[in-house]
Amino acid sequence: MTWPMRRWRSASAWLAIVLLVVGGTLALGQGSPDRGPIRIGFLTPLSGGLAQNGRDILNGFLLYLEEIGYTAAGRRIELIVEDDEGIPAVGLTKARKLVERDRVHLMAGTLLSSSGYALAPYIDAMKIPMVYPVVSADDLTQRRRSPWIVRTGWTGSQPNHPFGEYAYHTLKLRRVATIALDYAFGWESVGGFQRTFEAEGGTVVQKLWTPVSVHDFAPYLAQVDRDVDAVYALFLGRNALQFMRQYQEYGLKGKVMLIGAGTTTDEHVLPAMGDEAVGVITALHYSGALDTPDNRKFAAAYRAKYKKVPSYYAESMYAGGRWAVAAIEAAGGNVEDAAGLLAAFRRVKPTGLPRGPVELDEYGNPIESIYIRKVERVNGELQNTVIETFPRVSQFWKFDPAAYLKQPLYSRRYAPVRAN
Amino acid sequence: MAARDAGPRWKLYVLLAGVVFLVVTPPFLNSYWVGLLTEILIFAVLAMSLDILLGYTGLPSLGHAGIFGVAAYAVAVLSTTYNAGFWACVAGGVLAGTLLSAAFGLLVSHVRDVYFLMITLALGMVLWGLGYRWIPVTGGDNGISGIPSLEAHAGLPFRGPMSFYYVAFAIFLACGALMAVLVRSPFGFTLRGIRENEARMKSLGFNTWLHCYISYVAAGAFASVAGVMWAYYNGFVSPTYLDLTASSELFLMVTLGGPGTLVGPVFGAGAIVLLKNVMSGLTERWLFILGAVYIVTILAAPQGLWNLGRRRSGASPGAPPGDAPATRPGVAGEVRA
């Protein structure tokens, strides 16, 4: 019997590849020079449906690192970027790579709440500080706090608490219908709005939920109660574009006022929108059109480098990077002491962020300004003009944190629509 | 026939070398690589289980990740919501997946080819939808996190990735051996007969429906074992591992490695997990590289890497299907994939 040489070859080729890869990285992984570069691991979706948002987050970070010449506290910064594909298990595998193979001192990134929750136990077990610039799941800094996660972004309900009061008192709304993506981010944003809006005396008369994969809003728009003062919408990306267009096609625009969560008109989709978006009022902790020296400088630099308006995603990691570097400097560059670095994160109050002044509350979430923004056309371009600022808004708004945490998390069922 | 199926001696050497590699090297590796090897072993069990259906019985399932996911969710729900013990979680996970495939098997065992593919695809999407929308139980989009680590939950005296690796390795060996016994048994040969020519098997008096059903349930049981390991390995579950992308990736592992062999899918799983993780660290355009690898494999080795050369030594591809020898592997994958 002759031995089939081809199979021999393919088998041994595979074995050789495996050995080479494993051996090569073994060699690379050896040796850690003292006081070498500060290694920062960065996770973000760079492929899949969220790639564009993920790219924006990374762009903001790169812009800041270039500004400081990749050095902090006299040490060089080495950035290691990994694609988490927007899939939690992939994010975890990549986080393992960053921590266990690349030996990073600090991690940052990720976009989806599901990824955020999935990484938390691992981060706590490995005791590596991680910056969450975007993940907005409320409970990460509320009922399921994770000591090693530093959220530099926001909670989904945070901008919506002041927005509910604003809608009642300034916009004089009394009856509102909501339409939002059917997942945690949607529930928490709508829940936050409903809570304060109803506390002031308004009523959310209808809560519609669309699947995240929604393609056609016709069945939902047909259900919208025409007898409301405003519709509150929460979408992002492609959904937001489609929703705006169909809202107009259904003749609702101009008849029923449209308000919503910040992502619905965020700059990652705003340039692709037309006049249908003009006049929409939303709330967020950032606006690309925020008229402060810090933001003007940031927006100009971002535009020069990436040829587009900065979105809140872009700002998130520019600010996150600034925050991280402030912490590294406060820790004297001694990033090897993870606990010290974490303490520095909690201590520093970074200045010069495009979004304005921030500080962490004792639960690890930023206290920051919330902006009410109105879409306007300025010099032919749509922008989120800031029409009202609520300074120093915490994730608990005016409520007592302990009492707040006894309430259930905002969900699809909480708070329920009251019978009217 | 049995002697030929056991393969020439070189195959044994390669397998032995592989086993020795998997036993000896991990203590010398960085824990990250140990983690990746663990992931490979889990997906290897899963890919082998799909191969029982795809390669041996000729039933292309696009919902296999759903069964795997249900087992993982069962572990997650039992260990977090009900604080169940280790063995209860393991048994619960395996039982949930197996019972589910026993139920699904009733719906799919009478159809073949593209109809089987479509129905399993639909069932898989139903499971994904449940994971995504049955929020009180599954946590929806956020999934369930906080599954205890396997070592702590099982009360093992050891901790860390290395001990998990060896547990996974032992389970992998046990599952691999069981599946090897299964496909080499008279039952396994009947499955291959069904794959090659179901009408002939029927006329010989075989109950082909029952064989397909048992094959589907057995594949589901092994997939559940992989699902239980996956839940413990990650410490959380989320709907992404039930969806079509996951099922098709699994499909690729089998077709890339070589359907109709048990070793092929192991290599397929290893190749895909390594490619994804190594390439994505080197370049942002890693999806192109992955795509290129698939295309090259389909063109150069349409029956999978482990079947390379077999086509030339075995029957010619143009042989009439009825005359194909029963041991000719990979045909189902080639024709139906």
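Just so it is clear, the model here is predicted, and its values are computed rather than measured.

When its secondary structure is counted, chain A shows 12 helices and 14 strands. Its C-alpha radius of gyration of 23 Å places chain A within 12% of the 22 Å reference for a compact globule of 420 residues. The principal-axis extents of the C-alpha atoms in chain A amount to approximately 80 × 65 × 50 Å. Here chain A holds 420 residues, and the buried ones make up 62% of them. Pairs at least 24 residues apart make up 68% of the contacts formed inside chain A by residues separated by at least 6 positions. Counting only carbon and sulfur atoms, one obtains 54% of the accessible surface of chain A, whose full area is about 15500 Å².

Take the side chain of T264(A) next. Residue and element names in this part refer to chain A. For T264, the location among the structural elements is in the loop between β10 (257-261) and β11 (281-284). We classify T264 as buried; its relative accessible area is 1%. A polar contact of 3.2 Å, which involves the side chain of T264, links it to the backbone nitrogen of F235. Setting aside anything within four residues of it in sequence, one finds T264 in contact with A233, L234, F235, A240, M244, V269 and M273.

Moving on, we come to the pairing of strand β13 (residues 366-378) of chain A. Residues and elements named next belong to chain A. Of the pairings in the sheet, the one linking β11 to β13 comprises four bridges and is antiparallel in character. Its bridge partner lying in β13, A283 is registered against I372. When strand β12 (residues 358-360) meets β13, the two strands line up antiparallel, connected through three bridges. Across the sheet, V358 pairs through a bridge with E368, a residue of β13. Remark: five residues form the turn of the hairpin made by β12 and β13, two consecutive strands paired antiparallel; G364 in that turn has positive phi of roughly 90 degrees. In this structure, β13 lies alongside strand β14 (residues 381-393), joined through 10 bridges in antiparallel fashion. Within the sheet, the bridge partner assigned to Y371 lies in β14 and is T389.

A separate point is the environment of F86(B). Residue and element names in this part refer to chain B. If you trace the backbone, F86 turns up in helix α5 (residues 86-108). On the basis of relative accessibility, which here comes to 12%, the residue F86 falls in the buried class. Separated by 66 residues in the primary sequence, F86 and A152 place their C-alpha atoms 9.2 Å from one another. Not counting the four nearest positions on each side in its chain, F86 is found in contact with L150, H153, A154 and Y232.

Attention now goes to helix α4 (residues 64-80) of chain B. Here α4(B) spans 25 Å end to end across 17 residues, near enough to the 24 Å set by a 1.5 Å rise per residue. For α4(B), a buried count of 15 out of 17 residues is recorded, marking the element as mostly surrounded by other parts of the structure.

This part is about the pattern of salt bridges. Two side chains carrying opposite charge are able to pair once their charged atoms lie near each other. Residue and element names in this part refer to chain A. For the structure shown, the criterion picks out 24 salt bridges over all chains. Residue D227 is joined to R175 by a salt bridge in which the shortest nitrogen-to-oxygen separation is 3.9 Å. You can see D227 sitting in the loop between α7 (218-223) and β9 (230-234) and its partner R175 sitting in strand β7 (residues 175-181), a full 52 residues away along the chain. Judged by relative accessible area, which is 25%, R175 ranks as partly exposed. Among the ionic pairs, E315 bridges to R355, the shortest N-O distance being 3.1 Å.

Taken together, six strands build an open sheet; the order of strands is β2-β3-β1-β4-β5-β6 (chain A) and the sheet is mixed. Every other strand in the sheet has two partners, leaving β2 (71-72) and β6 (149-151) of chain A as the edge strands with one partner each.

Further remarks concern the interface of chain B and chain A. Contact with chain B, which involves 43 residues of that partner, is made by 46 residues of chain A. In total, chain B and chain A occlude about 4400 Å² of area from one another, counting both sides; carbon and sulfur atoms represent 64% of this. Among the residues of chain B in contact with chain A, W10(B), Y32(B) and N142(B) are the three that bury the most area, contributing 16% of the side total. If you look at where chain B meets chain A, you find one salt bridge. R133(B) is the salt-bridge partner of D182(A), the closest N and O atoms lying 2.5 Å from each other. Taken together, chain B and chain A are joined by seven residue pairs in polar contact (both at pLDDT 80 or more). Elements that contribute at least two residues to the side of chain B that touches chain A include exactly α2 (9-24), α3 (31-57), α6 (113-133), α7 (135-138), α12 (208-234), α14 (263-282) and α15 (286-300) of chain B. With eight residues, the top contributor of residues to the side of chain B that touches chain A is α14(B).

Another point: the packing of aromatic side chains. For the structure shown, the criterion picks out 42 aromatic pairs over all chains. With 5.0 Å between their ring centres and 80 degrees between their planes, Y165(B) and Y166(B) make a pair best called edge-to-face. Overall, Y165(B) belongs to the buried group, its relative accessible area being 0%. Every member of this aromatic cluster is reached through a ring pair, and the members are F163(A), Y166(A), Y168(A), F193(A), F197(A), Y232(A), F390(A) and W397(A). Here R174(A) stacks its cationic end above the ring of Y168(A), 3.8 Å away from the centre of that ring. Here the basic side chain of R192(B) rests over the ring of F189(B), its NZ or CZ set 4.6 Å away from the ring centre.

The rules behind these values
- Residues numbered from 1 in each chain as written.
- Chains lettered and ligands numbered in written order.
- Predicted model: local features only at pLDDT ≥ 70, side-chain atom pairs only at ≥ 80, totals over all residues.
- Heavy atoms only, no water.
- Helix = DSSP H or I, 4+ residues; strand = E, 2+ residues; numbered from the N terminus.
- Rg over C-alpha atoms; globule rule 2.2 N^0.38 Å.
- Buried < 20%, exposed > 50% of the residue type's maximum accessible area, 1.4 Å probe, protein only.
- Contact = heavy atoms within 4.5 Å.
- Areas by Shrake-Rupley, 256 points an atom, 1.4 Å probe, with all protein chains shown as cover.
- Polar contact = N/O pair within 3.5 Å; in protein donor to acceptor, adjacent residues only side chain to side chain.
- Pairing = 2+ DSSP bridges.
- Expected span 1.5 Å × (residues − 1).
- Salt bridge = Lys/Arg side-chain N within 4 Å of Asp/Glu carboxyl O.
- Buried area = accessible area lost by both parts, 1.4 Å probe.
- Phe/Tyr/Trp six-rings, centres within 6.5 Å; stacked < 30°, edge-to-face > 60°.
- Lys NZ or Arg CZ within 6 Å of the ring centre and 35° of its normal.

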